[in-house]
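# Secondary and tertiary structure notes
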Amino acid sequence: MEFGMKRVMASVQAVAVLNRIYDGAPVSLTTISKESKLSTSYLEQIFKKLRTGNVAISQRGPGGGYTPREGDISVSDVIRAVSRMPENRTFEPVLTALETVLVKQLA
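Criteria and thresholds
- Residues numbered from 1 in each chain as written.
- Predicted model: local features only at pLDDT ≥ 70, side-chain atom pairs only at ≥ 80, totals over all residues.
- Heavy atoms only, no water.
- Core = buried A, V, L, I, M, F, W, Y, C linked by side-chain atoms within 4.5 Å.
- Buried < 20%, exposed > 50% of the residue type's maximum accessible area, 1.4 Å probe, protein only.
- Helix = DSSP H or I, 4+ residues; strand = E, 2+ residues; numbered from the N terminus.
- Contact = heavy atoms within 4.5 Å.
- Axes fitted to C-alpha atoms, helices over the stretch in contact; angles between N-to-C directions.
- Parallel < 35°, antiparallel > 145°, perpendicular 65-115°, else oblique.
- Left-handed = near helix turned anticlockwise from the far one by under 90°.
- Nonpolar A, V, L, I, M, F, W, Y, C, P; charged D, E, K, R; others polar.
- Pairing = 2+ DSSP bridges.

So, on to the nonpolar core. Core analysis: the largest hydrophobic core is formed by 28 residues, its most contacted members being Ile 32, Leu 43, Phe 47, Leu 50 and Val 78. Taken together, the elements giving at least two residues each to this core come down to α1 (5-21), α2 (29-36), α3 (40-52) and α4 (75-82). At 8 residues, α1 tops the list of elements feeding residues into this core. When sequence neighbours within four positions are dropped, the list of residues in contact with Phe 47 reads Ala 14, Leu 18, Leu 29, Ile 32, Ala 56 and Tyr 66.

Structure representation (structure tokens):
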């Protein structure tokens, strides 16, 4: 599944919300949905990619949800996790610049 710009922006927003409300306990998609105004089913698609891209960690079961990975998460990390970059690497300078913009700065 290829993510377009709208979904990339939603992904950055979702990770910013997760980062802002994370207090040490996993955060449910329902909570992220309420805070971000994005549907839970939409967030399920996004967080599948974020898990695979090692941006978010999932915890199953009662009290489960998502936690941000340890360390700083850049906007570039989120974009790389949810997008397939073209072969020509035209977008690479933009991603390099976005490595200095941390998600926690957006919250």
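The next thing to look at is the packing of α2 against α3. Packing of α2 against α3 leaves a shortest axis separation of 9 Å and a crossing angle of 110 degrees. Taken together, the axes of α2 and α3 are roughly perpendicular relative to one another. Considering how the two elements wind past one another, α2 and α3 form a crossing that is right-handed. Taking contact as the criterion, the partners of Leu 29, Thr 30, Ile 32, Ser 33 and Ser 36 in α2 are, on α3, Thr 40, Leu 43, Glu 44 and Phe 47. A breakdown of the residues in the contact of α2 with α3 according to their chemical character gives 4 nonpolar, 4 polar and 1 charged.

By the bridge criterion, 4 bridges tie strand β1 (residues 56-59) to strand β2 (residues 65-68) in an arrangement that is antiparallel. Among the inter-strand pairings, Ala 56 is bridged to a residue of β2, identified as Pro 68. In textbook terms, the turn of a hairpin is the stretch between consecutive antiparallel strands, and for β1 and β2 this stretch comprises 5 residues, one of which, Gly 61, has a positive phi near 90 degrees.

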